[in-house]
Amino acid sequence: MAEANRSSRWSLQGMTALVTGGTKGIGYAIVEELAELGASVYTCSRNEAELNECLKQWATKGFQVSGSVCDMASSAQRKDLITKVSSVFNGKLNILVNNVGTNIVKNTLEFTEDDFSFLVRTNLESAYHITQLAHPLLKASQAASIVFISSGAGVVAVDIGSIYSAAKGAINQLTKNLACEWATDNIRANCIAPGIIKTPLSESHLEDGKLLEKYLRATPLGRLGEVKEVSSMVAFLCLPTASYITGQTICVDGGFTTELFLSKVQLAFSGSFQAQSSSSSPLPLCKTLDLTPASPEARLPSFRF
Ligand SMILES: NC(=O)c1ccc[n+]([C@@H]2O[C@H](COP(=O)([O-])OP(=O)(O)OC[C@H]3O[C@@H](n4cnc5c(N)ncnc54)[C@H](OP(=O)(O)O)[C@@H]3O)[C@@H](O)[C@H]2O)c1
């Protein structure tokens, strides 16, 4: 009996899921992870040939995945997508993963009005609107989970790509609002903020080796993330075993968002705080709050995407 309960808590068998942007990168891994755990998954992307190729691969693997072309930046196409999802899943959706997103890497003064509209439409408006449209389906399932994919760039400050960061920061806040607003409908809302993960999107920004070097220096685990390391956390948040988790933004980033903080305020424990210069601090035995101004060389180099 206990075994049966455990296996159902760690299974998505019988559940339905919509994952936006499932043909590449993190979205592709999420589709596979949810399907492997037993969910029936619907996905979308803009490129029909790539979508059909993916659907073929998943059918060969025995996964229940269907999908259709949708540009998530288009209001009309989002409405059409929800109509299709509702028809395939008989009006009930247990899981919504808002994965679609993109970045343009520029300094604030270089961004155009078109850049702003495009980035906010793709990263924030599309997720907001599809979530509104999905609400009746999520509610009808009686136990639903929304997972947003934001970014570490929406959790800590970086010195480039301010529109992307602002849109992702808004997603983190939206997660908390929905967790409060829709709890009575038994809908949970959580968010994952990845660090740099190996995908076609990040590859395009990593061509400049300097960015990679800076990211790795600011990341305690000292490496890029794998898509499976994000998709497994998405799956966990959707499982019945995560039923008391809502309103959270979880960083899957090798410690990137922690290290930025710790590099500026160095802490170790001795039972009481004492001001001490970082250069003379014997870290293992004392808790040191370094209040002395760092020399320009000692300061964390500003982080650039
Ligand atoms: N990779 C990273 O390092 C990283 C870090 C932090 C956060 N993230 C976030 O993680 C999410 C996924 O990123 P990724 O790196 O996996 O991206 P990716 O490699 O570019 O893959 C994006 C997927 O979404 C689809 N897509 C893009 N725009 C779309 C649109 N308007 N409508 C429908 N489908 C669309 C793409 O297919 P089509 O192009 O054919 O439409 C593709 O399947 C994004 O929200 C991103 O901001 C990524």
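Refer to the structure above for everything that follows.
Anyway, here's the lowdown on the structure attached to this text. These numbers come from a predicted model, not from an experiment. (Residues numbered from 1 in each chain as written. Predicted model: local features only at pLDDT ≥ 70, side-chain atom pairs only at ≥ 80, totals over all residues. Heavy atoms only, no water.)

## Considerations on the packing of aromatic side chains
Step number 1: In this structure the tally under the stated criterion is three aromatic pairs.
Step number 2: Between Tyr-28 and Trp-58, the aromatic rings sit 5.0 Å apart at their centres with planes inclined by 35 degrees, giving tilted as the arrangement. Of this pair, Tyr-28 sits in helix α2 (residues 25–36) while Trp-58 sits in helix α3 (residues 48–60); the two residues are 30 residues apart in sequence, bridging distant segments of the chain.
Step number 3: The class of Tyr-28 is buried, set by a relative accessible area of 18%. (Phe/Tyr/Trp six-rings, centres within 6.5 Å; stacked < 30°, edge-to-face > 60°. Helix = DSSP H or I, 4+ residues; strand = E, 2+ residues; numbered from the N terminus. Buried < 20%, exposed > 50% of the residue type's maximum accessible area, 1.4 Å probe, protein only.)

## Things to note about the site of the ligand
Step number 1: Neighbouring residues of the ligand: 28 residues in total, closest Thr-23, Arg-46, Asn-99, Tyr-164 and Thr-199.
Step number 2: Asn-47 has a polar backbone atom sitting 3.3 Å from an oxygen atom of the ligand.
Step number 3: Taking Gly-101, its main chain carries an N or O atom lying 3.4 Å from an oxygen atom of the ligand.
Step number 4: If the ligand stood free it would expose 880 Å²; the protein chains cover 93% of that surface.
Step number 5: Among the detected pockets, the ligand sits in the largest pocket.
Step number 6: Counting only elements with at least two residues in the shell around the ligand, the list comes to α2, α6 (162–181) and α7 (200–206).
Step number 7: The greatest single-element share of the shell around the ligand, amounting to three residues, is contributed by α7.
Step number 8: Residue classes in the shell around the ligand are distributed as 12 nonpolar, 12 polar and four charged. (Near = heavy atom within 4 Å. Polar contact = N/O pair within 3.5 Å; in protein donor to acceptor, adjacent residues only side chain to side chain. Areas by Shrake-Rupley, 256 points an atom, 1.4 Å probe, with all protein chains shown as cover. 1 Å grid on protein atoms, 1.4 Å probe; cavity = no way out; pocket = protein on both sides within 12 Å on 5 of 7 lines; lining within 4 Å. Sits in = over half its atoms within 2 Å of the grid points. Nonpolar A, V, L, I, M, F, W, Y, C, P; charged D, E, K, R; others polar.)

## Describing the pattern of salt bridges
Two side chains with opposite charge may pair up if their charged atoms get near one another.
Step number 1: Under the definition given, this model contains 10 salt bridges.
Step number 2: With its nearest N and O atoms 2.8 Å apart, the salt bridge here joins Arg-223 to Glu-229.
Step number 3: By relative accessible area, which is 31% here, Glu-229 ends up partly exposed. (Salt bridge = Lys/Arg side-chain N within 4 Å of Asp/Glu carboxyl O.)

## Notes on the environment of Gly-22
Step number 1: Along the polypeptide, Gly-22 turns up in the loop between β1 (16–20) and α2.
Step number 2: Note: C-alpha distance between Gly-22 and Tyr-42 (20 residues apart in sequence) is 8.8 Å.
Step number 3: Those residues in contact with Gly-22, other than ones at most four positions away along the chain, are Gly-27, Tyr-28, Val-31, Thr-43, Cys-44 and Trp-58. (Contact = heavy atoms within 4.5 Å.)

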